[in-house]
Amino acid sequence: MNLSKKSALKLLATGPALAMTSLLAACNISATEPSPPFKPTATLQEIMTSVIDPNIDFVWNSVSSVSTANGTEERRPQTDGDWLVLRQHALTVAEAGNLLLIKDRPIAAASAKTSSGGAELNPADITKLIAANRNEYVNRVHNFQAAAQQLVAAIDAKNVEDLERAGGEVEQACEQCHSQFWYPGDSRPK
């Protein structure tokens, strides 16, 4: 069989797609097949206090100025190992956003106190507010994840200034979500 150059290039371009389609058909994988349901274990509050808070605190504290008896100590990631550990914490923060999106995850234990200063709603009211504004909630979480991905990009570039800027973006994304869903009636300055 004698193929023209144009026909040969066309075959090369479509060959991988045809092979993948055949492979998917052979495995009987359907793009419309429902994903298995998630089984949340932790509450949203527990995800925040057990996963997000300790990991974002590690990131935020990785760049700081600390006053000691010997003067001011500047803390910054220095070694490849420092940057790697920092990246692991930032990735955990970014991926934790997916945990916040699982439907039917309880906000907090029924008897949990969600307020440290009296401004926050109770778990039942937070649940209702998120359910009534699910699309806005999802957008807030996606903004949080995008900000966390900026952390990862800054870490990959080993750029301390971008890391500090992205850390501020994460803080802003958290505050916007909390002020809308956790303590919407709080009139204190933010």
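Residues numbered from 1 in each chain as written. Predicted model: local features only at pLDDT ≥ 70, side-chain atom pairs only at ≥ 80, totals over all residues. Heavy atoms only, no water.

Caption draft 1: The layout of surface pockets, seen in detail. Computed from the structure, the largest pocket encloses a volume of approximately 480 Å³. Residue lining of the largest pocket: 23 residues in total, with Met48, Asp53, Cys174, His178 and Tyr183 positioned closest to the centre. Among the secondary structure elements, those contributing two or more residues to the lining of the largest pocket are α2 (44-61), α5 (134-156) and α6 (160-182). Residues of the lining of the largest pocket, tallied by class, amount to 13 nonpolar, five polar and five charged. What the second largest pocket holds in volume is close to 220 Å³. In terms of lining, the second largest pocket is formed by 13 residues, of which the most central are Asp104, Arg105, Thr127, Ile130 and Arg134. Elements represented by at least two residues in the lining of the second largest pocket include exactly α4 (123-132) and α5. In terms of residue class, the lining of the second largest pocket is built from eight nonpolar, one polar and four charged. (1 Å grid on protein atoms, 1.4 Å probe; cavity = no way out; pocket = protein on both sides within 12 Å on 5 of 7 lines; lining within 4 Å. Points joined across faces, edges and corners; volume = space filled by probe spheres on them. Helix = DSSP H or I, 4+ residues; strand = E, 2+ residues; numbered from the N terminus. Nonpolar A, V, L, I, M, F, W, Y, C, P; charged D, E, K, R; others polar.)

Caption draft 2: Looking closely at the packing of α2 against α6. Running from amino to carboxyl end, α2 crosses α6 at an angle of 160°, the nearest separation of the two axes being 11 Å. In terms of axis orientation, α2 runs roughly antiparallel to α6. The two elements α2 and α6 meet at a crossing, and its hand is left-handed. Between α2 and α6, the contacting residues are Leu44, Gln45, Met48, Ile56, Val59 and Trp60 on the first element and Leu163, Gly167, Val170, Glu171, His178 and Trp182 on the second. (Axes fitted to C-alpha atoms, helices over the stretch in contact; angles between N-to-C directions. Parallel < 35°, antiparallel > 145°, perpendicular 65-115°, else oblique. Left-handed = near helix turned anticlockwise from the far one by under 90°. Contact = heavy atoms within 4.5 Å.)

Caption draft 3: A look at the pairing of strand β2 (residues 71-75). Strand direction decides the pairing type here: strand β1 (residues 64-68) and β2, joined by five bridges, are antiparallel. Note on β2: the bridge partner recorded for Val66 is Glu73. Taking the residues that link successive antiparallel strands as the turn, the β1-β2 hairpin has two residues. (Pairing = 2+ DSSP bridges.)

Caption draft 4: Structural context of α4. Burial in α4 covers these residues: Pro123, Ile126 and Ile130. With its buried residues spanning 60° around the axis, α4 presents them on a single face. Opposite the buried face of α4, at more than 90 degrees from it, the exposed residues are Lys128, Ala131 and Ala132. Contacts from the buried residues of α4 go to α5 and α6. (Buried < 20%, exposed > 50% of the residue type's maximum accessible area, 1.4 Å probe, protein only. Arc of directions from axis to C-beta.)

Caption draft 5: Spotlight on the packing of helix α3 (residues 80-100) against α5. Between α3 and α5, the least distance of the axes is 9 Å, while the angle of their chain directions is 170°. The orientation of α3 with respect to α5, classified from their angle, is roughly antiparallel. Read as a crossing pair, α3 and α5 show a hand that is left-handed. Taking contact as the criterion, the partners of Trp83, Leu86, Arg87, Ala90, Leu91, Val93, Ala94, Gly97, Asn98 and Leu100 in α3 are, on α5, Tyr137, Val141, Phe144, Gln145, Ala148, Leu151, Val152, Ala154, Ile155 and Asp156. In terms of residue class, the contact of α3 with α5 is made up of 15 nonpolar, three polar and two charged.

Distances and angles like these do not, on their own, reveal function.
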